[in-house]
Amino acid sequence: MTLEQSAVRPPAQSRGAGPAGQRRRSRREEILEIAVGLFATRGYHGVSMDDIGAAAGVTGPALYHHFAGKEAMLAAALIPVSEQLLAGGQARIAESSGDAAAALVALVDFHVEFALANPAVIALHLHELDRLPEDPRRQIRRLQRLYVEEWVSTLTVLRAELDAGEARVLAHAAFGLMNSTPFLGGEVDRVRRAELLRAATLSALQG
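Described below are features of the structure shown in this document. (Residues numbered from 1 in each chain as written. Predicted model: local features only at pLDDT ≥ 70, side-chain atom pairs only at ≥ 80, totals over all residues. Heavy atoms only, no water.)

1. Re the overall build of the protein chain
For clarity, the cut-off: Helix numbers and strand numbers start at the N terminus; a helix is a DSSP run of H or I with at least 4 residues, a strand a run of E with at least 2. Three labels apply to residues, based on accessible area from a 1.4 Å probe with only protein chains included: buried if under 20% of the type maximum, exposed if over 50%, partly exposed otherwise in between. Residue contacts follow a heavy-atom distance rule, with two residues in contact if any of their heavy atoms lie within 4.5 Å. Per-residue and other accessible areas follow the Shrake-Rupley method at a 1.4 Å probe size, with only the shown protein chains counted as cover for residues.
Helix and strand counts for the protein chain stand at nine helices and zero strands. Ordered by position from N to C terminus, the α and β elements of the protein chain give α-α-α-α-α-α-α-α-α. Classification of the 207 residues of the protein chain by burial places 44% in the buried group. Restricting the contact set of the protein chain to residue pairs at least 6 apart, pairs at least 24 apart contribute 65%. Accessible surface for the protein chain amounts to roughly 10,500 Å². Of this, 53% is attributable to carbon and sulfur atoms.

Structure follows, in structure tokens:
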């Protein structure tokens, strides 16, 4: 599966249910998914609005009806994802009821699943975040810092020998492992990839 094929499906308002009760995606979501895939595979500067419109089967005026430009598309892809990661991490910790060991396993499971499901968005975060204007970039950085601190808090409870700075180093190292999904080939099936990433990350964090 290519990055373009596995691009994230960003949240939006429902337009009704599809087969088996699934929500039907809006046209805006479909266009954004295509844009994310193109950005991830060709690079932000390698994609024009005309390219996105052609891939989506949308004319110029109709495309600009949904998005003001490429920067707006990038922000629409990255801000909700950062919000979802923070909310998901906080939920996993809350569900662990004060058990730091269980919380760490839950955080790793959560992030590995996200990274495997959304390699295109991981690639955008790694390579294209600086393309955004200052305000959305600052918002995303703030959300990312808050997410990191959820991991830091869990690690410092679990491993009393670590101070916050040391736990932060380990958290970022763990993200490096888990966020390697854009670079993984298909020679190992998804279930086994998840197992390997979880084991490697937990080994790095548990000491």
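2. Some words on the layout of surface pockets
Here is the rule we go by: Both site types are read off a 1 Å grid over the protein atoms alone. A 1.4 Å probe that fits but cannot get out defines a cavity, while an open set with protein on both sides within 12 Å along at least five of seven lines defines a pocket; lining residues have an atom within 4 Å of a point. Grid points are joined across faces, edges and corners, and a volume is the space filled by probe spheres set on the points. Three categories are distinguished: nonpolar for Ala, Val, Leu, Ile, Met, Phe, Trp, Tyr, Cys and Pro, charged for Asp, Glu, Lys and Arg, and polar for the others, with Gly belonging to the last.
For the largest pocket, the calculated volume is near 480 Å³. Around the largest pocket, the lining comprises 23 residues; the ones closest to its centre are H125, R141, Q144, F175 and N179. When contributions to the lining of the largest pocket are tallied by element, the ones reaching two or more residues are α4 (70-95), α5 (100-117), α6 (119-127), α7 (134-158) and α8 (164-178). Sorting elements by how many residues they give to the lining of the largest pocket places α7 first, with seven residues. Here the lining of the largest pocket is composed, by residue class, of nine nonpolar, eight polar and six charged.

3. Side note on the packing of helix α1 (residues 27-42) against α4
This is how it is decided: Helix axes use the C-alpha atoms of the stretch in contact, all axes being lines fitted to C-alpha atoms, and the angles between their N-to-C directions lie in the range 0 to 180 degrees. Note on terminology: angles under 35 degrees are roughly parallel, angles over 145 are roughly antiparallel, angles of 65 to 115 are roughly perpendicular, and the others are oblique.
Relative orientation of the contacting elements α1 and α4 amounts to 100°, with a least axis distance of 10 Å. On the basis of their axis angle, the class for α1 and α4 is roughly perpendicular. Packed against α1, whose contacting residues are R28, I31, L32, A35, V36 and F39, the element α4 presents K70, M73, L74, A76 and A77 at the interface. Tallied by class, residues from the contact of α1 with α4 come to nine nonpolar, no polar and two charged.

4. A look at α8
Selection rule: Take the number of residues in a helix, subtract one, and multiply by 1.5 Å to get its expected span. Working definition: the arc comes from the directions between the helix axis and the C-beta atoms, pointing outward to the latter. In protein, a polar contact requires one atom able to donate a hydrogen and another able to accept it; more generally it is a pair of N or O atoms within 3.5 Å, and residues adjacent in sequence count only if both atoms are side-chain atoms.
Across its 15 residues, α8 extends 21 Å between first and last C-alpha, which sits within 8% of the 21 Å expected from 1.5 Å per residue. Among the residues making up α8, those that are buried are A167, L170, A171, A174, F175 and M178. Considered in projection along α8, the buried side chains sweep an arc of 145° and stay on one side of the axis. Residues of α8 that are buried make contact with α5, α7 and α9 (190-206). Two or three places before G165, at the opening of α8, D163 has a side-chain oxygen 3.1 Å from that residue's backbone nitrogen.

5. Structural notes on the packing of aromatic side chains
Put simply, the test is: Ring geometry is summarised as follows: Phe, Tyr and Trp rings, the Trp one being its six-membered ring, pair when their centres sit within 6.5 Å, and such pairs are stacked at plane angles under 30 degrees, edge-to-face over 60 and tilted between the two.
Enumeration according to the criterion identifies four aromatic pairs in this entry. Centroid distance W151 to F175: 5.2 Å. Interplanar angle 75°. Geometry classified as edge-to-face. Placement of the pair is W151 in helix α7 and F175 in helix α8, with a sequence separation of 24 residues. With respect to class, W151 is no different from F175; both count as buried. Through pairs of rings, three or more aromatic residues link up here, namely Y147, W151 and F175.

6. Quick look at the pattern of salt bridges
Applied cut-off: Any carboxyl oxygen of Asp or Glu that lies within 4 Å of a side-chain nitrogen of Lys or Arg is treated as forming a salt bridge with it.
This structure, assessed with the given rule, holds 11 salt bridges. When the shortest N-O distance is used, the salt bridge between R198 and E113 registers 2.6 Å. With R198 in helix α9 and E113 in helix α5, this residue pair connects regions lying 85 residues apart in the sequence. Its relative accessible area of 23% is what places R198 among the partly exposed residues. Relative accessible area serves as the criterion here: at 30%, E113 is assigned to the partly exposed category.

7. Observations regarding unusual backbone geometry
In this structure, S97 is a non-glycine residue whose phi angle is positive, near 50°. Mapped onto the secondary structure, S97 falls in the loop between α4 and α5. According to the relative accessible area criterion, S97 is exposed, its value standing at 67%.

8. Section: the environment of E29
Structurally, E29 is set in helix α1. We classify E29 as buried; its relative accessible area is 3%.

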